[in-house]
Amino acid sequence: MTLLKVEHLRKEYRSRIKNNTVTALSDVNFEVEEGEFIAIMGESGSGKSTLLNCIATLDNPTAGMISLNDQDLTKLSDKLLARYRRDHLGFVFQDFNLLDTMSITDNIYLPLILAKNTIGKENKLNHLSKQLGIESLLNKYPYELSGGQKQRVAIARALITNPDILLADEPTGALDSKNSSEILSIFSQYNEQRQTILMVTHSSLAASHAQRVLFIKDGKVFHQVYRGNKTEQEMLLTINDAMTNLLGGIA
Amino acid sequence: MLYWKLAWQSIVKNKLEYLPFILAGSAAVALNLIIQLLIYSKGVKDLIASVSVIEMLSFGQVVICILSIIFLIYTYSFLSKRKQTEFGLFNVLGMQKMDLIKISWRQQLISFVLITVLGIISGLVFSKVLILLFMKLVGGNNFGLNISGLPILFVTIFFSVCFLCLLVKDVFSIIRMKTISLLHATKKGDSEPKNHWFLFILGIGLLAGGYYISLTVTSPLKAITQFFIAVLLVVCATYLLFIVASTIVLKLMKQNKAYYYQTNHFITVSNMLFRMKQNATGLASVSLLTTMALVVVVTTVSMFIGQEDYVNQQFPRAVILKKTNHQKNSVQTVHQLADKHHIKIKNSYSLEISSEIAGYLTENHKIQPLTDSSATSADGLSEIQFMTSKQFAKLTPSYQKLKTNEVYIYDRQGTFKEPMITFLNKTYHVKKILKRINGIPSEQPNMTHSMVIVVPSKNVTNAMGDIFNDLGDRKQAITYQNQLLFNVFGNSKNRKAFLKDLSQLPNTTVTDKFSTMNALKEFYGGFFFIGIIFSISFVMATGLIIYYKQISEGRADQQQFDILQKVGMSNDEVKRTVNSQIIWIFGLPIIIAVMHLCFAMPMIHKILQLFGIIIGPMVYITTFITIISMIVIYYLIYLRTSKTYYLQVSRKIS
Ligand SMILES: Nc1ncnc2c1ncn2[C@@H]1O[C@H](COP(=O)(O)OP(=O)(O)O)[C@@H](O)[C@H]1O
Ligand SMILES: [Mg+2]
């Protein structure tokens, strides 16, 4: 079943000082099926974050349509958008975005509490923290954690509401290679449990964990690669090939 | 030219910090200038009590000067933090420290010129209004201001010295600057504050101590010394409690899971826990400044309003003639003089009351002569006047006859409660303790206990003068003096001439309500004016402190609210959270200040008694109005602050 649909998405930034516009996305079209793990790749400045922010409703598209479960997100009011974000979407960011004033437990509870959906929160927390190996960290504060640990906490926070789709913007961008591969295998694990994931990255190694990779350039989806039943190694080679051939090499 | 441009750009870029700094600075300049102009004005020189009024204004000037300096330095520290990061960047981009200093002094010069010019202009404009207010309050009638260069010069020099200090401070911080540490404005994790139960209990103890002293103070004289102890205790307690109690309360809230894990409370409580740690001392200072403003208003208003009551009590009639010997006032002579000056005399009556004797009231209600040792302690000291029952009957229609061993007692302080009183080796039964005696003028206010004893006849007091001497060494026989009291009607010129003639009568002292009232009005009016200026500056200062704190926090909290919004907080919810956080920061000091004021009231009451002033309903009304207007002012600053804060932390969706 199609979960997310992006049609003719266009995003322009108008700078206020000089009267010129930057077209970050010109015409983006793609669909995401339920249970897919998709990576979006592109050069720095190619509009990956812009695309993700539009899907995340953190940014308003200039034109086009984004729908999740047949609900057009571009037509919702601010209040409904906020509710939509916390009920249906989960986020993981490059810089973790944890609140320093709250303990790890409270950081993970945050979306549930904002949604006034606190029944059974302890069970959900236990379950997730066991899976992510962060049980011993629950009473600490974010500033006491390493980057990899913070990102696990951020994943727990994103998943505690059982989101329809998990959105991740360069989730391994601030991590060393060991922590990166751990986070990516966590993504793969959850994907095996049919969690839909949309990840933006400029690293082909990260993208190689996905089932499908979309390449964007000049504000458009330029090309895509399916993993099929390739191993991660083979997928990595395919991605690198695609980049050298199609984009002129960026890795 | 480049330096000027960079300096100006930096000011414009940081206008959120610069604008209030410049406004507050101008207000400080204006206030200083206005007081200077008043001191040099013709109207003030023409006042009867001009010397003491000028002294009072000069005192006000000194306080305002000190406040201005503290305030400029405080607000500038916020600016300076912003500037440091900017200068760090310039430094990385290849500017030398010398270049930065060149930018810095230009900025300092620009803000100095802006502040003094704005301040002097607004000072001159508002001085016209304020001299009207001032003269109304002190009852003067010359509203002219002679605007000379001297006050302007003074203000300009004073503030250029202030800015020179700021510049020196700037130069030092540039010289000490380390580039790396500036660029990475170190955002080290703030650990959760700990509970300090010992300090909490200490704080509660100090507060209770301070309040207890105020509630139990008995004599006005003791009130003054104890006032300082109480203030000291309360000041310490306020700081301690803001620092410790806030953490304890918030942690208790946090431990109550059912309460804590509600959408409204969750973010507010966890934020406030960290916020209070940074804000505790600031908020405590704000509370104390607010309390100070309220106390100043209460006392000055009480004095200003109370003076009339007080004069009225001293003068049951407008003029009092007192014979200094045993003779009676000649009513006929007075009437003749009145006719001569076209003055009408009405409601006149005469009364006879003894001169005051000073005695010592023992535990077993005995009046004893003063000894050297008892005279030095205030306890038990009492000034006593006698009045015959015959005289008393004239003043009080529902008079009940006294037996030879009975007296009435009118105690001005209301502390005498004994059934018996003994003097000159004879014990009298106190038939009644009177609340007042109609028609007798009250005495000059002072710290000693004083009472009037109504005795069956003059004979019982004859021996008084021989044993009891006045506080000084001169022996004085007790005399019953005749007083003539009357109201006068006529124009003020005639009245003055009439009073002058009266004072020439032999063995007579004349006191009149009009001149007493005028002198007092000038004094208390000046006092009141200074009080208003002080409270305005206190309130302005506190409002600005909060504003700056919030703005700098808003910048720090930007990221936090960004995260919250990404996770699913709507703009409305952000607004509500921001408001509920900031309202605490504004509301708490007012609540604390009002609480402090309530507990200080008994003490203020006692101290004002020293000045012969009783706190009446008018004072409560003005206090109430002051609190309300303070809340309104704070509310306006609050609206401004929460709006700016909200704009800083909310996501700007393009
Ligand atoms: N808030 C903004 N205002 C103006 N231009 C922006 C804004 N955000 C992004 N851009 C521009 O849009 C383009 C795409 O940016 P982004 O989506 O962040 O790229 P990526 O994440 O792929 O590196 C860039 O050219 C960037 O300069
Ligand atoms: Mg990006």
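Everything quoted here is computed from the prediction, not taken from an experiment.

Colleague: When you look at the overall build of chain A in this model, what are you seeing that I'm missing?
Modeller: Along the backbone of chain A there are 8 helices and 10 strands. For chain A, the C-alpha radius of gyration of 18 Å lies close to 18 Å, the compact-globule estimate for 251 residues. Its C-alpha atoms give chain A principal-axis dimensions of about 45 × 45 × 40 Å. In the structure as shown, chain A presents an accessible area of about 11100 Å², 46% of it carried by carbon and sulfur atoms. Here chain A holds 27 positive side-chain charges and 29 negative ones, and the gap between their average locations is 5 Å.

Colleague: In this structure, what is going on with unusual backbone geometry? I would like to understand it.
Modeller: Comment: phi is negative for the bulk of residues other than glycine, and the bulk of peptide bonds are trans. Residue and element names in this part refer to chain A. Unusually for a residue other than glycine, Thr57 sits at a positive phi of about 60 degrees. Looking at the secondary structure, you find Thr57 in the loop between helix 1 (48-55) and strand 4 (63-68). Unusually for a residue other than glycine, Asn162 sits at a positive phi of about 50 degrees. One can find Asn162 in the loop between helix 5 (147-159) and strand 7 (165-169). Accessibility expressed as a relative area gives 60% for Asn162, which makes it exposed.

Colleague: Hey, could you run me through the nonpolar core in this one?
Modeller: Soluble globular proteins: nonpolar side chains tend toward being buried together. The biggest cluster of nonpolar side chains holds 191 residues, and the ones touching the most others in it are B:Phe21, B:Leu57 and B:Ile437. Sort the elements by how many residues they give to this core and helix 11 (residues 263-314) of chain B lands first, with 23 residues. With residues up to four places along the chain from it excluded, the contact list for B:Ile437 reads B:Met387, B:Phe392, B:Leu395, B:Tyr410, B:Val452 and B:Val454. Grouped together as the second largest cluster of nonpolar side chains are 31 residues, A:Leu9, A:Ile66, A:Leu68 and A:Ile216 included.

Colleague: Any chance you could explain the site of ligand 1 here in plain terms?
Modeller: Residue and element names in this part refer to chain A. Neighbouring ligand 1 are the residues Tyr13, Ala24, Glu43, Ser44, Gly45, Ser46, Gly47, Lys48, Ser49 and Thr50. Ser46 is positioned such that a nitrogen or oxygen atom in its backbone is 3.3 Å from an oxygen atom of ligand 1. In this structure, an oxygen atom belonging to ligand 1 sits 3.1 Å away from a main-chain N or O atom of Gly47. Alone, ligand 1 offers 560 Å² of accessible surface; in the complex the protein occludes 57% of this. When residues of the shell around ligand 1 are assigned to their parent elements, the largest contribution, 3 residues, is made by helix 1. Residues that form the shell around ligand 1 fall into these classes: 2 nonpolar, 6 polar and 2 charged.

Colleague: What is the right way to read the side chain of A:Thr101 from this model?
Modeller: The topology assignment puts A:Thr101 in the loop between strand 6 (89-93) and helix 3 (104-114). A polar side-chain atom of A:Thr101 sits 3.5 Å from a polar atom in the side chain of B:Gln560. Among all residues touching A:Thr101, those that are not within four sequence positions of it are A:Tyr141, B:Ser270, B:Asn271, B:Phe274 and B:Gln560.

Colleague: Any chance you could explain the packing of helix 2 (residues 15-40) of chain B against helix 17 (residues 513-567) of chain B here in plain terms?
Modeller: A pair of packed helices can be characterised by two numbers: the angle between their axes and the separation between those axes. Residues and elements named next belong to chain B. With their axes 11 Å apart at the nearest point, helix 2 and helix 17 run at an angle of 170 degrees to one another. Compared by their axis directions, helix 2 and helix 17 come out roughly antiparallel. Across the interface between the two elements, Leu16, Glu17, Pro20, Phe21, Ala24, Ala27, Leu31, Ile35 and Leu38 from helix 2 touch Phe529, Ile533, Ser537, Met540, Leu544, Tyr547, Tyr548, Ile551 and Arg555 from helix 17. The residue inventory of the contact of helix 2 with helix 17, partitioned by class, reads 15 nonpolar, 1 polar and 2 charged.

Colleague: Help me understand the UniProt feature "domain: ABC3 transporter permease C-terminal" (unreviewed entry) in chain B, please; the structure alone is not making it clear to me.
Modeller: Feature annotation in UniProt assigns "domain: ABC3 transporter permease C-terminal" (unreviewed entry) to the following positions: residues 62-166 of chain B. Along residues 62-166 of chain B the backbone is 87% helical and 0% strand, and the end-to-end C-alpha distance reaches 20 Å.

Colleague: How should I be thinking about the sheet that holds strand 10 (residues 480-489) of chain B in this particular structure?
Modeller: Each strand in a sheet pairs with its neighbour through backbone hydrogen bonds, running either in the same direction (parallel) or in the opposite one (antiparallel). Residue and element names in this part refer to chain B. Taken in spatial order, the 4 strands make up an open sheet running 2-10-1-11, and their pairing is antiparallel. The open sheet has two edge strands, strand 2 (344-354) and strand 11 (508-512), and neither has a second partner. Strand-to-strand, the axes of this sheet are offset by a mean angle of 20 degrees, without reference to chain direction. By the bridge criterion, 9 bridges tie strand 2 to strand 10 in an arrangement that is antiparallel. For Ile345, the partnering residue across the bridge sits in strand 10 and is Val488. Set on the sheet, helix 17 makes contact with strand 10 and strand 11; between it and strand 11 the angle comes to about 55 degrees.

Colleague: Could you clarify how one ought to interpret the side chain of B:Ser104 in this entry?
Modeller: Examined against the element boundaries, B:Ser104 turns out to sit in helix 5 (residues 97-138). Accessibility expressed as a relative area gives 0% for B:Ser104, which makes it buried.

Colleague: I'm lost on the pattern of salt bridges in this one. Help?
Modeller: Opposite charge on two side chains allows them to pair when their charged atoms are near. All names here are of chain A. Scanning all chains against the criterion turns up 15 salt bridges over all chains. For Arg212, the salt bridge goes to Glu36, with nearest N and O atoms at 2.9 Å. Placement of the pair is Arg212 in strand 9 (residues 212-217) and Glu36 in the loop between strand 2 (21-33) and strand 3 (37-41), with a sequence separation of 176 residues. Note on Arg212: relative accessible area 5%, which makes it buried. The exposure class of Glu36 is buried, given its relative accessible area of 11%. Linking Arg152 and Glu182 is a salt bridge whose minimum nitrogen-to-oxygen distance equals 2.3 Å. With Arg152 in helix 5 and Glu182 in helix 6 (residues 177-192), the pair connects residues that are 30 residues apart, well separated along the chain. Among the residues examined, Glu182 registers a relative accessible area of 26% and is labelled partly exposed.

Colleague: Looking at this model, I keep getting lost on the confidence of the model for chain B. Mind explaining?
Modeller: Caution is warranted with low-pLDDT regions, since their predicted coordinates should not be read in detail. All names here are of chain B. Averaged over all residues, the pLDDT of chain B is 82; the fraction at 70 or higher stands at 93%. The weakest mean pLDDT in chain B belongs to helix 7 (residues 179-183) at 55; the strongest belongs to helix 8 (residues 197-216) at 93. Scoring the predicted complex yields pTM 0.75 and, for the interface, ipTM 0.85.

Colleague: Is there a simple way to think about the interface of chain A and chain B in this case?
Modeller: The figure often quoted for interface size is the accessible area lost as the parts come together. On the chain B side, the residues contacting the 32 residues of chain A number 31 residues. Interface area for chain A against chain B, summed over the two sides, is near 2700 Å², with a carbon-plus-sulfur share of 58%. Put simply, chain A and chain B have 1 salt bridge between them. Counting across the chain A and chain B interface gives 8 residue pairs in polar contact (both at pLDDT 80 or more). Residue assignment for the side of chain A that touches chain B shows that the elements contributing at least two residues are strand 1 (2-14), helix 2 (78-88), strand 6 and helix 3 of chain A. The element contributing the most residues to the side of chain A that touches chain B is helix 3 of chain A, with 7 residues. Among the residues forming the side of chain A that touches chain B, the class breakdown is 15 nonpolar, 6 polar and 11 charged.

Definitions and cut-offs
Every chain begins its residue count from 1, and numbering advances along the sequence as written. Just so you know, chain letters begin at A and ligand numbers begin at 1, following the order they were written in. Only residues with pLDDT of at least 70 get local features here, since the model is predicted, and only at 80 or more are side-chain atom pairs given and counted; chain-wide, interface and lining totals rely on the full set of residues. Side-chain measures were taken over the full set of non-hydrogen atoms in the model, leaving aside hydrogen atoms and water. The secondary structure listing takes helices from DSSP runs of H or I that are at least 4 residues long and strands from runs of E that are at least 2 residues long, numbered from the N terminus. In this description the radius of gyration comes from C-alpha coordinates, and the expected globular size is given by 2.2 Å times residues to the power 0.38. We get accessible surface area from the Shrake-Rupley algorithm with a probe of 1.4 Å; when it comes to residues, only the shown protein chains can shield them. Counting rule for charge: Lys and Arg are taken as positive, Asp and Glu as negative, and neither His nor the chain ends is counted. The location of each charge is read from NZ of Lys, CZ of Arg, CG of Asp or CD of Glu. Partly exposed residues are those whose accessible area sits between 20% and 50% of the maximum for their type, while under 20% is buried and over 50% is exposed, using a 1.4 Å probe and protein chains only. Joining through side-chain atoms within 4.5 Å is the link that ties buried Ala, Val, Leu, Ile, Met, Phe, Trp, Tyr and Cys residues into a set, and such a set is a nonpolar core. Every residue pair with non-hydrogen atoms within 4.5 Å of one another is taken to be in contact. Note on terminology: near, applied to a residue and a molecule or strand, indicates that one of the residue's heavy atoms is within 4 Å of it. The term polar contact refers here to a pair of N or O atoms within 3.5 Å; inside protein, the definition further demands a hydrogen-donor-capable atom paired with an acceptor-capable atom, and it admits residues adjacent in sequence only when both atoms are side-chain atoms. In this count, Pro and Cys sit with the nonpolar residues alongside Ala, Val, Leu, Ile, Met, Phe, Trp and Tyr, while Asp, Glu, Lys and Arg are called charged and the others, Gly among them, polar. Only C-alpha atoms enter the line fits that serve as axes; for helices the fit covers just the stretch in contact. Angles between N-to-C directions range over 0 to 180 degrees. Any angle between 65 and 115 degrees counts as roughly perpendicular, while under 35 counts as roughly parallel, over 145 as roughly antiparallel, and the rest as oblique. UniProt positions are given in the numbering used here, feature names are shortened, and annotations may be inferred rather than shown by experiment. Strand pairing follows a simple DSSP-based rule, namely that at least 2 bridges must link the two strands. Salt bridges are counted wherever a side-chain nitrogen of Lys or Arg sits within 4 Å of a carboxyl oxygen of Asp or Glu. Scored from 0 to 100, pLDDT reflects the predictor's confidence in each residue. Summed over both partners, the accessible area (1.4 Å probe) lost when two parts come together is defined as the buried area.

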